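What the coordinates show
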Amino acid sequence: MHNEYDIAIVGGGLAGASLACSLANQSLRIAVIEQVSPDADEQPSYDDRGLALSLSSQRILKAIDIWPDLAAKAIPVRHIHISDRGRFGLVHLHASDLQLPALGYVVVARDLGKVLQRKTASLAGIDYICPAAVTDVRTSANNIQLAYRHHQQSHSISCRLLVAADGTHSRVREQLGIGATVKDYGQTAIVSNITTTNDHKNTAYERFTRQGPLALLPMPEGRCVCIYTVASERRDQYLGLDEQGYLDVLQQDFGNRLGRMLKGGSRKSYPLKLVYADKQYVDRAVLLGNAAQTIHPNGAQGFNLGLRDSAALAEHIIDGVKRRQDPGSNNILEHYYRSRMDDQSQVIRFTDTVAGLFYNDDPVKAVCRNLGMLLLDMTPALKRRFIRRATGLHGRQPALVRDAVTEL
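A short tour of the structure in this document, coming up. (Residues numbered from 1 in each chain as written. Predicted model: local features only at pLDDT ≥ 70, side-chain atom pairs only at ≥ 80, totals over all residues. Heavy atoms only, no water.)

Membership of the largest hydrophobic core comes to 59 residues, with the highest contact counts inside it found for I7, L23, L61, I66 and V163. The contact partners of L23, leaving out residues within four places of it in the chain, are I7, L28, I30, A314, I317 and I318. Counting 24 residues, the second-largest nonpolar core is a separate cluster that includes V10, I129, L162 and V172. (Core = buried A, V, L, I, M, F, W, Y, C linked by side-chain atoms within 4.5 Å. Buried < 20%, exposed > 50% of the residue type's maximum accessible area, 1.4 Å probe, protein only. Contact = heavy atoms within 4.5 Å.)

Here we have three strands laid out as an open sheet, ordered β3-β7-β4, and antiparallel in their pairing. Of all the strands in the sheet, just β3 (50-54) and β4 (75-77) have a single pairing partner and so form its edges. Each strand axis lies, on average, 30 degrees off the axis of its neighbour in the sheet, ignoring direction. By the bridge criterion, five bridges tie β3 to strand β7 (residues 104-108) in an arrangement that is antiparallel. The partner of L53 across the bridge, within β7, is Y105. (Pairing = 2+ DSSP bridges. Helix = DSSP H or I, 4+ residues; strand = E, 2+ residues; numbered from the N terminus. Axes fitted to C-alpha atoms, helices over the stretch in contact; angles between N-to-C directions.)

Applying the stated criterion across every chain yields a total of 13 salt bridges. Between R110 and D48 there is a salt bridge, and its shortest N-O distance comes to 2.9 Å. Taken together, the residues R110 in helix α3 (residues 109-122) and D48 in the loop between β2 (30-33) and β3 connect sequence positions 62 residues apart. We note a salt bridge from E334 to R338, for which the minimum N-O separation is 3.1 Å. Of this pair, E334 and R338 both sit in helix α8 (residues 330-358), four residues apart, which is roughly one turn of the helix. Classification of E334 as partly exposed rests on a relative accessible area of 29%. Assessed through its relative accessible area of 54%, R338 is described here as exposed. Each member of the salt-bridge network shares a partner with another, and the members are R308, D309, R340 and D343. (Salt bridge = Lys/Arg side-chain N within 4 Å of Asp/Glu carboxyl O.)

See below:
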């Protein structure tokens, strides 16, 4: 292990690990500092959570040689069913209508995490330091000094570029003196797995209720991952229900599209907030993934946005290094940020608008949103545009995504 690195990535999750894999074989010395140890190998659990990957994410993971280890376990989403409970709005999306193999994929989160961690730890030129927690960050003109704790001992390294990919409550962001704007939606997402009498047939459902969206995503072995958004003040009420009581609530809001709900797994809750950093980069440091922006889970956009950001940052670093630029130069970081502004702002605006438009009883808004859903369902050109946005193939995208745009 070295003391001096070209790039230090704090956070070995999706954004951080994918960035490291994208930068492999570029003659760069890279350190990845991850606080959480990988789970021990064990039999898959019923409660393993599913993650929705867009087509852009699937293409990025394929390009960095992650997808081959996931493909056999990934569930393709071939149909999307969107509805508004108690009202007439309805949207059907089908991969076959657009001659696509899938509209996206669902993978078990633990499977993806293990593949990413194994890949990152195996690549030449990358030191994977785990479990370790950064305790101090000091910036100078030529580098950044990082202090961290690893196996109960203190260590320090220097880097020319620091990437903070340590999540919504990023300590590195705080240590860099970057503030964040927070909007509390007053909602909580309750996540669990369920089994129904009818097969999901590779269909993802999003049903808007008066509290928030109820999403069911197809999982292996006929399961679905269920994301139920409720008012935060009622969170404990739903978490306190027994299994059958909770399934009854879901059944009432979702209906019988998948038959009866037979089994429910353990529930975890996540408060929903829009959090975006006041700056995305400062001298020799850049924020990535949820450390840069954490958004409402409408349409499963945030997870995939972070991966596109990671692909774009890798592209700009590689281009800059080829021109013999310092990887931590403001020129590289500014060009990266400018290339991502439109995509980030559009996704944030979309998810924030949907959160305000769909979760209220205003009769005017209800009629407008349902008419909009019907118009979308009946207009092929609008469907194509909607799918391009939802799959991350719209507008200016990183090189690892760009070729996929021609498929639509």
